[in-house]
Amino acid sequence: MTGSQRSLAKGSAAPGPVPEGVTRLYSMRFCPYVQRARLVLIAKGIKHEVVNINLKNKPDWFFEKSPLGLVPSIETSDGKIVYESPVVCDYLDEAFPGVKLTPADPYEKAQQKILLEHFSAVTSAMHKILLAKKDNQDTTELKTQFFEKFKILEGALAKRKSPYFGGESVSMIDYMIWPWFERFGVFEVQEVLENSPSVKAWQELMLQDPAVKETFTEPDVFRGFFELYSKNNWDAFDYGL
Ligand code: GSH
């Protein structure tokens, strides 16, 4: 992986054209949605570079690269821009050769999309916990809501009786949900896995996946990032560099 590491802020020069044969990822090092795209880029062996963006002080040119002002967004050497993590990941899977992460079977594909919709309730419950923690509020009720939403994942995997959410090998849905599992420590919700044996076994397998290993961030680093981020400290994006 090549590309800038420190985040670019307002006033910085726009990066030059994307080199031939390279895909550029507009990123923020601690963003779970970006990690989805990184997992797919790595799993498929797509040559890419990374441009990190200071999300509290975005450069003006960033909106040309990502009209909603969010990361991830990707840019190809022929000027194509794709954003929104599920769209980015599907595009990468379809447009590039290598392992196909999305099932060819339409029903299986539909099942993965449905599970992803359910998962968005899990992530939104997690983000509510984080906001409450930021304001030093009690999170007990929010955690109960999170545990309730999480049951759908354990139920889906147990019913499938397969090691991964898409079957016998890692597939798109596993990568789409993985980034939040790395952040369980920060959200203080790890205990959910004690009552989720299928997901716990899946987590162990995922930790062995080469793309997961390459993008893995230690819980302490996430904690350091969130501490600065919750104080609106713009250095958060460059934490640890
Ligand atoms: N729906 C978007 C996706 O799936 O790509 C969400 C992406 C997102 O929320 N990214 C955050 C962001 O860019 C960083 S983790 N935040 C900047 C902002 O809210 O202004």
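Up top you'll find the structure we're talking about.
No experiment lies behind these values; they were computed from the predicted model shown. (Residues numbered from 1 in each chain as written. Predicted model: local features only at pLDDT ≥ 70, side-chain atom pairs only at ≥ 80, totals over all residues. Heavy atoms only, no water.)

Every residue lining the ligand is accounted for by Cys31, Tyr33, Leu55, Lys58, Gly69, Leu70, Val71, Pro72, Glu84, Ser85 and Pro86. Taking Val71, its main chain carries an N or O atom lying 2.9 Å from an oxygen atom of the ligand. Take Ser85: an N or O atom from its side chain is 2.7 Å from an oxygen atom of the ligand. Within the complex, 71% of the 520 Å² of free accessible area of the ligand lies under protein. Its atoms largely coinciding with the cavity grid, the ligand occupies the largest pocket. (Near = heavy atom within 4 Å. Polar contact = N/O pair within 3.5 Å; in protein donor to acceptor, adjacent residues only side chain to side chain. Areas by Shrake-Rupley, 256 points an atom, 1.4 Å probe, with all protein chains shown as cover. 1 Å grid on protein atoms, 1.4 Å probe; cavity = no way out; pocket = protein on both sides within 12 Å on 5 of 7 lines; lining within 4 Å. Sits in = over half its atoms within 2 Å of the grid points.)

For the rest of this paragraph, the subject is the pattern of salt bridges. Any two side chains of opposite charge can pair, on the condition that their charged atoms come close. The full count for this structure, using the stated rule, is 14 salt bridges. For Asp238, the salt bridge goes to Arg6, with nearest N and O atoms at 3.9 Å. With Asp238 in the segment after helix H10 (219-230) and Arg6 in the loop between strand S1 (2-3) and strand S2 (23-27), this residue pair connects regions lying 232 residues apart in the sequence. When its relative accessible area of 13% is taken as the criterion, Asp238 is described as buried. For Arg223, the salt bridge goes to Asp220, with nearest N and O atoms at 2.9 Å. Highlighted residues: Arg223 and Asp220, both in helix H10, separated by three residues, approximately one helical turn. Under the relative-accessibility criterion, Arg223 is labelled partly exposed at 37%. For Asp220, a relative accessible area of 55% corresponds to the exposed category. Connected via shared salt-bridge partners are Arg24, Glu49, Lys65 and Glu75. (Salt bridge = Lys/Arg side-chain N within 4 Å of Asp/Glu carboxyl O. Helix = DSSP H or I, 4+ residues; strand = E, 2+ residues; numbered from the N terminus. Buried < 20%, exposed > 50% of the residue type's maximum accessible area, 1.4 Å probe, protein only.)

What follows is about the layout of surface pockets. By volume, the largest pocket is sized at about 950 Å³. Around the largest pocket, the lining is made up of 40 residues, and of these Pro32, His127, Leu130, Phe226 and Tyr229 lie nearest the centre. Taken together, the elements giving at least two residues each to the lining of the largest pocket come down to helix H1 (32-43), helix H3 (85-95), helix H4 (106-134), helix H7 (184-187) and H10. Top contributing element to the lining of the largest pocket by residue count: H4, with nine residues. Considering only enclosed or pocket space, the second largest pocket measures out at about 310 Å³ in volume. Looking at the lining of the second largest pocket, the elements with two or more residues in it are H4 and helix H5 (140-160). Among the elements that make up the lining of the second largest pocket, the one with the highest residue count is H4 (seven residues). (Points joined across faces, edges and corners; volume = space filled by probe spheres on them.)

Looking at the secondary structure, you find Asn54 in the loop between strand S3 (48-52) and helix H2 (62-65). Beyond its immediate sequence surroundings of up to four residues, Asn54 is in contact with Ser7, Leu8, Ala9, Trp234 and Phe237. (Contact = heavy atoms within 4.5 Å.)

Here the focus is the pairing of S2. By the criterion of burial, S2 is predominantly enclosed, with five of the five residues buried. Neither face of S2 is exposed, since Thr23, Leu25 and Ser27 on one face and Arg24 and Tyr26 on the opposite face are all buried. Note that S2 and S3 share five bridges and pair parallel. Pairing of Leu25 across the sheet is with Val50, part of S3. On the question of chirality, the crossover connecting S2 to the parallel S3 by way of H1 is right-handed. Here S2 runs beside strand S4 (residues 73-76); their pairing, made up of four bridges, is antiparallel. In the sheet register, Thr23 faces S4, and the bridge partner there is Thr76. (Pairing = 2+ DSSP bridges. Right-handed = clockwise from strand over helix to strand, strands pointing away.)

What follows concerns the nonpolar core. Formed by 64 residues in total, the largest nonpolar core has its most connected members in Phe146, Phe150, Phe181 and Trp202. Residue contributions to this core peak at nine residues, all from H4. With residues up to four places along the chain from it excluded, the contact list for Phe146 reads Val122, Ala125, Met126, Ile129, Phe184, Val189 and Val192. (Core = buried A, V, L, I, M, F, W, Y, C linked by side-chain atoms within 4.5 Å.)

Quick look at empty space enclosed by the protein now. This structure, assessed with the given rule, holds one cavity of 30 Å³ or more. Every residue lining the largest cavity is listed: Met28, Arg29, Cys31, Val34, Gln35, Arg38, Arg183, Thr215, Thr217 and Phe222. With three residues, H1 is the largest single contributor of residues to the lining of the largest cavity. Taken together, the residues that form the lining of the largest cavity break down as four nonpolar, three polar and three charged. (Nonpolar A, V, L, I, M, F, W, Y, C, P; charged D, E, K, R; others polar.)

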